[in-house]
Amino acid sequence: NQPTLVPPPATPQRAKYDSLAMFTMTELDSQSLWIHRKHDDLSNVFGEAPTAVQEARRQFDNALDAMVDEITEDENNTSNDEERYLLSTGFSAVDILFANCCFWAQQIGWLERNPSVTISSEKHAPKRLLPKLELYLEQCRSRPAFIRANELRKNQVHEKKERPIISKL
């Protein structure tokens, strides 16, 4: 039983889908994570902007809170009783967008990876991974398509490392 990744047009679920997708792409990705990427990881290209990165982090924390509130928890959830996604109809492409932003934030240290590991009181400690979000991300990670895609990515990285570098003379 394949999920419908994008709800049909002109439905309330499509309106919510479009709203959450735009919020994720604009508030979490481009206004937060990408600012970090440009002005921290790629500062040699785009220049350092520590104040912009700091503000992007604050923006990420606020936007993340808003998205976590959207994870379904009510009786209208028509998917499996154990599953909670952003739409009451179940898993969709907006879950892929949001989960990817969360995994990216974990990679750069903005979001806790494991809530059982206590972080010292660092100035830049990751945002706490709430149980609701931890369960949600684990659901996304355990989907068969995610597992297959992750294996493909690992194989591509491994193949790239094994390829001989041919110098052009």
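The paragraphs below set out a description of the structure included in this document. (Residues numbered from 1 in each chain as written. Predicted model: local features only at pLDDT ≥ 70, side-chain atom pairs only at ≥ 80, totals over all residues. Heavy atoms only, no water.)

**Remarks on the overall build of the chain**
- Looking only at helices and strands, the chain features six helices and zero strands.
- In the chain, the succession of α and β elements from N to C terminus is α-α-α-α-α-α.
- Counting every position in the chain, which comprises 169 residues, the buried fraction comes to 32%.
- Counted over contacts in the chain with a minimum sequence separation of 6, partners at least 24 positions apart contribute 60%.
- Surface exposure of the chain reaches about 11200 Å², of which carbon and sulfur atoms provide 52%. (Helix = DSSP H or I, 4+ residues; strand = E, 2+ residues; numbered from the N terminus. Buried < 20%, exposed > 50% of the residue type's maximum accessible area, 1.4 Å probe, protein only. Contact = heavy atoms within 4.5 Å. Areas by Shrake-Rupley, 256 points an atom, 1.4 Å probe, with all protein chains shown as cover.)

**Here we look at helix 5 (residues 131–141)**
- Buried residues of helix 5: Leu133, Tyr136, Leu137, Gln139 and Cys140, and no others. Seen end-on, helix 5 carries its buried residues on one side only, within an arc spanning 155 degrees. (Arc of directions from axis to C-beta.)

**Overview of the pattern of salt bridges**
- One pass over the full model with this rule turns up six salt bridges.
- The partner of Lys127 in a salt bridge is Asp65, with the nearest N and O atoms 3.0 Å apart. With a gap of 62 residues between them, Lys127 in the loop between helix 4 (93–107) and helix 5 and Asp65 in helix 3 (residues 50–70) connect regions that are remote in the sequence.
- Among the residues examined, Asp65 registers a relative accessible area of 34% and is labelled partly exposed. (Salt bridge = Lys/Arg side-chain N within 4 Å of Asp/Glu carboxyl O.)

**Things to note about empty space enclosed by the protein**
- Scanning the entire structure with this criterion turns up one cavity of 30 Å³ or more.
- Space inside the largest cavity adds up to approximately 40 Å³.
- Taken together, Leu64, Asp65, Val68, Leu111, Lys127, Arg128, Leu130 and Leu133 make up the full set of residues lining the largest cavity.
- The biggest single contributor to the lining of the largest cavity is helix 3, with three residues.
- Tallied by class, residues from the lining of the largest cavity come to five nonpolar, no polar and three charged. (1 Å grid on protein atoms, 1.4 Å probe; cavity = no way out; pocket = protein on both sides within 12 Å on 5 of 7 lines; lining within 4 Å. Points joined across faces, edges and corners; volume = space filled by probe spheres on them. Nonpolar A, V, L, I, M, F, W, Y, C, P; charged D, E, K, R; others polar.)

**Describing the nonpolar core**
- Counting 34 residues, the largest nonpolar core has Leu64, Phe98, Leu133, Tyr136 and Leu137 as its most contacted members.
- Broken down by secondary-structure element, the contributors of at least two residues to this core are helix 1 (12–41), helix 3, helix 4 and helix 5.
- Counting residues per element, this core draws most heavily on helix 4, which supplies nine residues.
- Non-local contacts of Leu133, meaning those with residues more than four positions away in its chain, are made with Leu64, Val68, Ile71, Phe98, Cys102 and Leu111. (Core = buried A, V, L, I, M, F, W, Y, C linked by side-chain atoms within 4.5 Å.)

**Focus: helix 1**
- Of all the bends in helix 1, the greatest measures close to 40 degrees and is centred on Asp29.
- Burial in helix 1 covers these residues: Tyr17, Leu20, Ala21, Thr24, Leu28, Ser32, Leu33, Ile35, His36 and His39.
- Those residues of helix 1 that are buried lie in contact with helix 2 (43–46), helix 3 and helix 4. (Bend = angle between axes of the 7 residues up to and from the residue.)

**Concerning the packing of helix 1 against helix 3**
- Their axes nearest at 9 Å, the elements helix 1 and helix 3 cross at an angle of 155 degrees. Taken together, helix 1 and helix 3 sit at an angle that is classed as roughly antiparallel. Both helix 1 and helix 3 take part in a crossing whose hand is left-handed.
- Across the contact of helix 1 with helix 3, the residue classes tally to 13 nonpolar, six polar and four charged. (Axes fitted to C-alpha atoms, helices over the stretch in contact; angles between N-to-C directions. Parallel < 35°, antiparallel > 145°, perpendicular 65-115°, else oblique. Left-handed = near helix turned anticlockwise from the far one by under 90°.)

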